[in-house]
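# Inside the fold
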Amino acid sequence: MANMDGIVIGEGVVLDARPTSSAVRLLAALLDLLVLGVVVFLLIIVLSSISPTTEEAARITSVVFIATITVVIPTTVDTLTRGRSLGKLALGIRIVRDDGGPIVFRQSLVRALVGIVELWLTFGSVALITSTVNPQGKRVGDLLAGTYAVRVRGSAPQRPPLSMPAQLAGWAASSDIARLPDGLALSARQFLGRTATLHPTSRVQLGTRLSEEVQRYVNPLPPSGTHPEAFLAAVLTERRNREFVALERAGHRDAVEAMQLHRLPHGIPDPVD
């Protein structure tokens, strides 16, 4: 879901992304249209050098040309750039899913197909009216595709790194902590970085909910009475430390194997009986 200040993902954590105004989206669309105009001009030059032999061939060429301009190019660009066409890149905005994730082919295709009517056939008037009325600046294609335009320009505030709560260090070192799903880990990290800005009641509710989710990946559970925020910090810190150690070991192993391969074929040690 979404609110006026950002995107709220399933766990109830607000991501640092604000909705884009209809004016900014309009300017980005005009820039994209300018770039598309250059592409159309080049395509016309190419097609003009290929003279269709029959009237039917000319009609097929026209249909393919229109479909390429209105559907194929927008869908391809949005899919490959994850919602950041040249116009959106220049204005510092991105099209994302309602849950804050990057758009994929399905969302890009729906937006392009709906755009035939609300952008091309109505000269953008339907899209402009809808995005102006909608609180999140969504056009009809966004409503049907479940997408959302957010501002991404500017560096995000740097949060201090998590530290291991001293009272949970021993428990974390000996516990079995499985890899957390990316969405859950992100939600927990976002929550810990925003605790000071949350309402006390929401802070307790979200902390408890996230703690209960994370407990499914931990065995044994922390000591009774452990604060949810301390538990989340301990789990994320321990996972980070273990992944760092694993990367160091993998790098060392790769370096050893590279040295052995470099010595081949004369550096192969004699077999031991």
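For the structure itself, consult the block above.
A quick note: this is a predicted structure, and the numbers were derived from the prediction, not measured.

## So, the pattern of salt bridges
Where charged atoms from two side chains of opposite charge come close, those side chains can pair. A full pass over the atoms with the stated rule returns twelve salt bridges. Between aspartate 142 and arginine 25 there is a salt bridge; the shortest N-O distance is 2.7 Å. With aspartate 142 in helix H6 (residues 140–145) and arginine 25 in helix H1 (residues 22–48), the pair connects residues that are 117 residues apart, well separated along the chain. Aspartate 142 gets classed as buried once you look at its relative accessible area, which sits at 0%. Judged by relative accessible area, which is 13%, arginine 25 ranks as buried. Between glutamate 238 and arginine 242 there is a salt bridge; the shortest N-O distance is 2.8 Å. Of the two residues, glutamate 238 and arginine 242 both sit in helix H10 (residues 228–263), four residues apart, roughly one turn of that helix.

## Focus on the packing of helix H2 (residues 55–81) against helix H4 (residues 105–121)
Closest axis-to-axis distance for the H2/H4 pair is 8 Å, and the angle between their directions is 140 degrees. Relative to H4, the element H2 is oriented oblique. When the axes of H2 and H4 are compared, the crossing they make is right-handed. For the pair formed by H2 and H4, the contact residues are Ile69, Thr70, Val71, Pro74, Thr75, Asp78 and Thr79 on the first element and Phe105, Ser108, Leu109, Arg111, Ala112, Leu113, Ile116 and Trp120 on the second. Here the contact of H2 with H4 is built from residues that sort into nine nonpolar, four polar and two charged.

## Points about the packing of aromatic side chains
The tally for this structure, following the rule as stated, stands at one aromatic pair. Relative to phenylalanine 231, the ring of tryptophan 171 has its centre 5.9 Å away and its plane inclined at 50 degrees; by these criteria the two rings are tilted. Taken together, the positions of tryptophan 171 in helix H7 (residues 169–174) and phenylalanine 231 in helix H10 put the pair 60 residues apart, joining distant regions of the chain. With a relative accessible area of 11%, tryptophan 171 lands in the buried category.

## Focus: the side chain of serine 175
Within the secondary structure, serine 175 sits in the loop between H7 and strand E7 (176–177). Among the residues examined, serine 175 registers a relative accessible area of 5% and is labelled buried. Within the structure, serine 175 has its side chain in polar contact with the backbone oxygen of alanine 172 (distance 3.0 Å). If sequence neighbours within four positions are ignored, serine 175 has contacts with Asn219, Pro220 and Arg242.

## Regarding the packing of H1 against H2
Where H1 contacts H2, the two axes come as close as 12 Å, and the packing angle between them is 155 degrees. Regarding the angle of H1 to H2, the classification is roughly antiparallel. Note on packing geometry: the crossing formed by H1 with H2 is right-handed. Residues Leu36, Val39, Val40, Leu43, Ile44 and Leu47 of H1 form the contact with H2, whose participating residues are Thr61, Phe65, Ile69 and Ile73. A class-by-class count of the residues in the contact of H1 with H2 yields nine nonpolar, one polar and no charged.

## Observations regarding the environment of glycine 83
Here glycine 83 lies in the loop between H2 and helix H3 (86–91). When the C-alpha atoms of glycine 83 and valine 104 are compared, they prove to be 8.6 Å apart, with 21 residues separating the residues in sequence. Once you skip the residues sitting within four places of it in the chain, glycine 83 turns out to touch Asp78, Lys88, Ile93, Arg94, Ile95 and Ile103.

## Notes on unusual backbone geometry
Following asparagine 219, the chain continues to proline 220 via a peptide bond in cis, the omega torsion being -5 degrees. Inspection of the secondary structure assignment puts proline 220 in the loop between strand E8 (218–219) and H10. Despite not being glycine, arginine 82 shows a phi value in the positive range, around 55 degrees. A relative accessible area of 42% means that arginine 82 is categorised as partly exposed. Backbone geometry at phenylalanine 123 places phi at a positive 55 degrees, although glycine is not the residue there. Inspection of the secondary structure puts phenylalanine 123 in the loop between H4 and helix H5 (125–133).

About the criteria used
- Residues numbered from 1 in each chain as written.
- Predicted model: local features only at pLDDT ≥ 70, side-chain atom pairs only at ≥ 80, totals over all residues.
- Heavy atoms only, no water.
- Salt bridge = Lys/Arg side-chain N within 4 Å of Asp/Glu carboxyl O.
- Helix = DSSP H or I, 4+ residues; strand = E, 2+ residues; numbered from the N terminus.
- Buried < 20%, exposed > 50% of the residue type's maximum accessible area, 1.4 Å probe, protein only.
- Axes fitted to C-alpha atoms, helices over the stretch in contact; angles between N-to-C directions.
- Parallel < 35°, antiparallel > 145°, perpendicular 65-115°, else oblique.
- Left-handed = near helix turned anticlockwise from the far one by under 90°.
- Contact = heavy atoms within 4.5 Å.
- Nonpolar A, V, L, I, M, F, W, Y, C, P; charged D, E, K, R; others polar.
- Phe/Tyr/Trp six-rings, centres within 6.5 Å; stacked < 30°, edge-to-face > 60°.
- Polar contact = N/O pair within 3.5 Å; in protein donor to acceptor, adjacent residues only side chain to side chain.

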